[in-house]
Amino acid sequence: MAKGKKTTSIDMTEGNAYRLIISFTLPLLLGNIFQQLYNMVDSIVVGNVIGDQALAAVGTGFPVIFMLSSLFMGIGTGATIMIAQFYGARDLEKVNQTVNTIYTALIIGIIPLSLIGIFLSEPLLRLMQVPDDGTLAMAKTYMIIIFIGIIGNLGFNINSGILQGLGDSRTSLLFLMIATVINIILDLVFTIPIKLGVAGVALATIIAQIASWLFGVFYINRRYDFIKLKPQKFYFQKNLFVQAMKLGIPSGIQQALFSIGIMFMQSLVNSYGSNFMAGFNGANKIDTFAFLPVQSLSNALTTYTGQNIGAGNQHRVKEGVRASMILSIGCCVIIGALLYPTSAFMMQMFSHNPEVIDAGVAYLHGVLPFYSLLAISFMFNSVLRGAGDMMIPMISSFISLWLARLPAAYLIAAWFDKEDIYYSYAVGWVLGLLISGIYYASGKWKHKSIVSKLREVETA
C-alpha cells in the first residue's frame, strides 16, 4: 500500500492468521530481545564492574521512569492502533496526519516531562524506601541522566509504534541492533577505562536511544512516501489528537498505575535490604526477557486486530486470537521447562553473592509456573486494544495489580517468608484473566472501530 518504494509492511487483512502473526512476531521478538539485551548488559556490567548496590540502584529507578513517561507512551499506543486501522482502511492521508499530530505532541511535551523527572527523582526514591547507603545517591544520578535524554526513548517507541501500525516489525529490529551495539560498547568504555559508574551506564543508554530514534526518523521519511516527518513542517490535527488521547489516556493510566504498583512492590522488596533488592532486580531482567515471545505475539495480535477492524474484517479476528493463544501457551511451557531448573545459574550473570542468587531464584520459581495465565490475559487485552477498546484492559490491569497482587504480597510477607511474596503474581493474573476473558466473550469490542467513528464525525 505504500507508494513507489519497497517496504517491509505486512497487510494482515488477507491470508493465513498463523503465517501472518508468526511473520510479524519473529522480527518483533528479535527486536525485543535486542532491547532487553542492552538492558541486561547494563545490569551485568553494573553488577560485575560496579557492584551489587549499583545493580539495586539501576533497577529500582525503572518503575519511576516508566511511570512518569507513561502518558506519552499511552498516547503512542493509541496512535499505533489508529495507524493500524487507517492503514487497514487504505486511508494513507489519515496515517500521515496521525503521525505528525503525535510528533507535535511529543516535541511540545518533552521538556516539561524531563524537568518533572529530574526534580521528582529523589523524593520518589525516598518514598520507595531506597536505602541511603550509597544506593539512593546512585539511583538518583542514574534517573536524572535518563530523564535528560528521555526524548530518545520516547521517540524510538513512537517510531516503532508507527511501523508496527503499518505492519512493519522488521525495521525496528535494525534500529534496536544499532542501539544495542552502541550501548554495549559505551557501557564498557564508560565503566572500565572511563570510570563513570552508574552515570556512564545512563549516558550509554541515552546516546544509544537517541541514535536509533534519529535513524528511525530518517528511515520513515525515506521509505514511506505518504508520511512526511519534518520538524519545521509538523502540523497538529485536533480531532486526531483527541482520538489518540481517548485511546492513549486509559493506556497511559494503566501503565502509570502499574508503575506505581510496582513501586509499592519494590518498596516491600527494598525493606529486606540491598541483597534482596539486587536479587529481585536481576530476576526481573530474566523474567522480562523470558516473557518476550508472549509480549511479541501480543503486539502482533494488536496490529492484526487493528488492521482487520479497520478493513471491516471482524470475522478474521477470532482466527488471530486462536493462533496467538496456541503459540503463546506453547512458548510459556517451553520457557518454564528451560528456565525453572536453571534459575540459579542464570542469576550468576548478575552476581555471585549467594543471598542475591537465592533472592532471584525465589522470584523466578514463584512466577514461572503461572506464565500461561498471564499469556492468555495478554492475548485478550491485545484484541481489545487493537479494536480500539482501551477501558477494559485498564480495568483488568488495575484490579489485577491493586486489588489482588499487592494486597496478597503484603499479606504473604506478614504471614510467611519473604521468598513467598512472588506467589502474589499468580493471584493477580487469575483475576485479570477473568475480567478480560469475560468481556472478550461478550463481543462488544467488535463495534469500536476508530475509522467508522471518525468518519461519522467528519460527515456530521
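Thresholds applied
- Residues numbered from 1 in each chain as written.
- Predicted model: local features only at pLDDT ≥ 70, side-chain atom pairs only at ≥ 80, totals over all residues.
- Heavy atoms only, no water.
- Phe/Tyr/Trp six-rings, centres within 6.5 Å; stacked < 30°, edge-to-face > 60°.
- Buried < 20%, exposed > 50% of the residue type's maximum accessible area, 1.4 Å probe, protein only.
- Helix = DSSP H or I, 4+ residues; strand = E, 2+ residues; numbered from the N terminus.
- Lys NZ or Arg CZ within 6 Å of the ring centre and 35° of its normal.
- Patch = residues over 30% accessible without salt bridge, like charges linked within 9 Å, V, L, I, M, F, W, Y side chains within 5 Å.
- Areas by Shrake-Rupley, 256 points an atom, 1.4 Å probe, with all protein chains shown as cover.
- Salt bridge = Lys/Arg side-chain N within 4 Å of Asp/Glu carboxyl O.
- Expected span 1.5 Å × (residues − 1).
- Bend = angle between axes of the 7 residues up to and from the residue.
- Axes fitted to C-alpha atoms, helices over the stretch in contact; angles between N-to-C directions.
- Parallel < 35°, antiparallel > 145°, perpendicular 65-115°, else oblique.
- Left-handed = near helix turned anticlockwise from the far one by under 90°.
- Contact = heavy atoms within 4.5 Å.
- Nonpolar A, V, L, I, M, F, W, Y, C, P; charged D, E, K, R; others polar.
- Core = buried A, V, L, I, M, F, W, Y, C linked by side-chain atoms within 4.5 Å.
- 1 Å grid on protein atoms, 1.4 Å probe; cavity = no way out; pocket = protein on both sides within 12 Å on 5 of 7 lines; lining within 4 Å.
- Points joined across faces, edges and corners; volume = space filled by probe spheres on them.
- pLDDT = per-residue confidence, 0-100.
- Disulfide = S-S within 2.5 Å.

Draft legend 1. Structural view of the packing of aromatic side chains. Counting across every chain of the model gives 17 aromatic pairs. Taken together, a centroid distance of 5.7 Å and an interplanar angle of 75° make the contact between Tyr224 and Phe226 edge-to-face. Considered together, Tyr224 and Phe226 belong to a single accessibility category, that of buried residues. Their ring planes at 65° and their centres at 5.5 Å tell us that Phe280 and Tyr363 sit as a pair that is edge-to-face. Placement of the pair is Phe280 in helix 10 (residues 274-290) and Tyr363 in helix 14 (residues 354-367), with a sequence separation of 83 residues. Each member of the pair, Phe280 together with Tyr363, is buried. Taken together through their ring pairs, the aromatic side chains of Tyr272, Phe276, Phe280, Tyr363, Tyr422, Tyr425 and Trp429 make up a single cluster. Here the basic side chain of Arg405 rests over the ring of Tyr425, its NZ or CZ set 4.2 Å away from the ring centre.

Draft legend 2. Geometry of a nonpolar patch on the surface. Taken together, the side chains of Tyr18, Ile22, Leu26 and Ile326 make up a nonpolar region of the molecular surface, amounting to roughly 350 Å² of accessible area. Top contributing element to the nonpolar patch by residue count: helix 1 (residues 17-50), with three residues. Tracing the backbone through its elements, the reader meets Ile22 in helix 1. Note on Ile22: relative accessible area 34%, which makes it partly exposed.

Draft legend 3. Just helix 16 (residues 391-415), in detail. A rise of 1.5 Å per residue sets the reference length of helix 16, with its 25 residues, at 36 Å; its end C-alpha atoms lie 35 Å apart and thus fit the reference within 8%. In the structure, helix 16 departs most strongly from a straight axis at Arg405, where the bend amounts to approximately 30° and where the proline Pro407 lies between one and four residues downstream.

Draft legend 4. Summary view of the packing of helix 4 (residues 92-127) against helix 6 (residues 150-165). Packing of helix 4 against helix 6 brings their axes to within 10 Å, and their N-to-C directions diverge by 160°. When the axis of helix 4 is compared with that of helix 6, the two are roughly antiparallel. Relative to helix 6, the crossing made by helix 4 is right-handed. On the side of helix 4, the interface is formed by Val99, Ile102, Tyr103, Leu106, Ile110, Leu113 and Ser114, while helix 6 contributes Ile150, Ile151, Leu154, Gly155, Ile158, Asn159 and Ile162. Residue composition of the contact of helix 4 with helix 6, grouped by class: eleven nonpolar, three polar and no charged.

Draft legend 5. Main features of the nonpolar core. Grouped together as the largest cluster of nonpolar side chains are 132 residues, with contacts concentrated most on Ile227 and Tyr422. In this structure Tyr422 touches Met265, Val269, Phe276, Phe280, Ala359, Ala362, Tyr363, Gly366 and Val367, once residues within four positions along its chain are discounted.

Draft legend 6. Molecular detail of the environment of Leu176. Position of Leu176 relative to the elements: it lies in helix 7 (residues 170-191). Residue class for Leu176 comes out buried when judged on its relative accessible area of 5%. Sequence-wise, Leu176 and Trp213 are 37 residues apart; in three dimensions their C-alpha atoms are separated by 9.5 Å.

Draft legend 7. Structural context of empty space enclosed by the protein. Counted under the stated rule, the structure contains two cavities of 30 Å³ or more. There is about 40 Å³ of room inside the second largest cavity. In terms of lining residues, the second largest cavity is bounded by Phe72, Ile75, Gly76, Ile102, Ala105, Leu106 and Ile158. Breaking the lining of the second largest cavity down by element, the ones donating at least two residues are helix 3 (70-88) and helix 4. When grouped by side-chain class, the residues that make up the lining of the second largest cavity number six nonpolar, one polar and no charged.

Draft legend 8. Geometry of the packing of helix 4 against helix 5 (residues 135-148). Relative orientation of the contacting elements helix 4 and helix 5 amounts to 165°, with a least axis distance of 8 Å. Taken together, helix 4 and helix 5 sit at an angle that is classed as roughly antiparallel. With respect to the hand of their crossing, helix 4 and helix 5 are arranged in right-handed fashion. The segment helix 4 lies against helix 5, with Leu113, Ser114, Gly117, Ile118, Ser121, Glu122, Leu125 and Arg126 engaging Leu136, Ala139, Lys140, Met143, Ile144, Phe147 and Ile148. When the residues that make up the contact of helix 4 with helix 5 are grouped by side-chain class, the tally is nine nonpolar, three polar and three charged.

Draft legend 9. Inspection of the environment of Ser449 at higher detail. Positionally, Ser449 belongs in the loop between helix 17 (424-442) and helix 18 (450-459). When residues no more than four places from it in sequence are discounted, the contact partners of Ser449 are Gln85, Ile309 and Ala387.

Draft legend 10. Just unusual backbone geometry, in detail. One non-glycine residue, Arg90, adopts positive backbone phi at about 65°. Inspection of the secondary structure assignment puts Arg90 in the loop between helix 3 and helix 4. Judged by its relative accessible area of 41%, Arg90 falls in the partly exposed class.

Draft legend 11. Region of the structure containing the confidence of the model for the chain. In this model, the chain carries a mean pLDDT of 84, and residues with pLDDT of at least 70 account for 95%. Averaged pLDDT values over the elements of the chain bottom out at 60 in helix 18 and peak at 94 in helix 17.

Draft legend 12. Examining the state of the cysteines more closely. For the coordinates displayed, the defined rule picks out zero disulfides. Take Cys331: it sits in no disulfide, and the sulfur closest to it among the cysteines is that of Cys332, at 7.0 Å. Classification of Cys331 as partly exposed rests on a relative accessible area of 24%. Among the residues examined, Cys332 registers a relative accessible area of 4% and is labelled buried.

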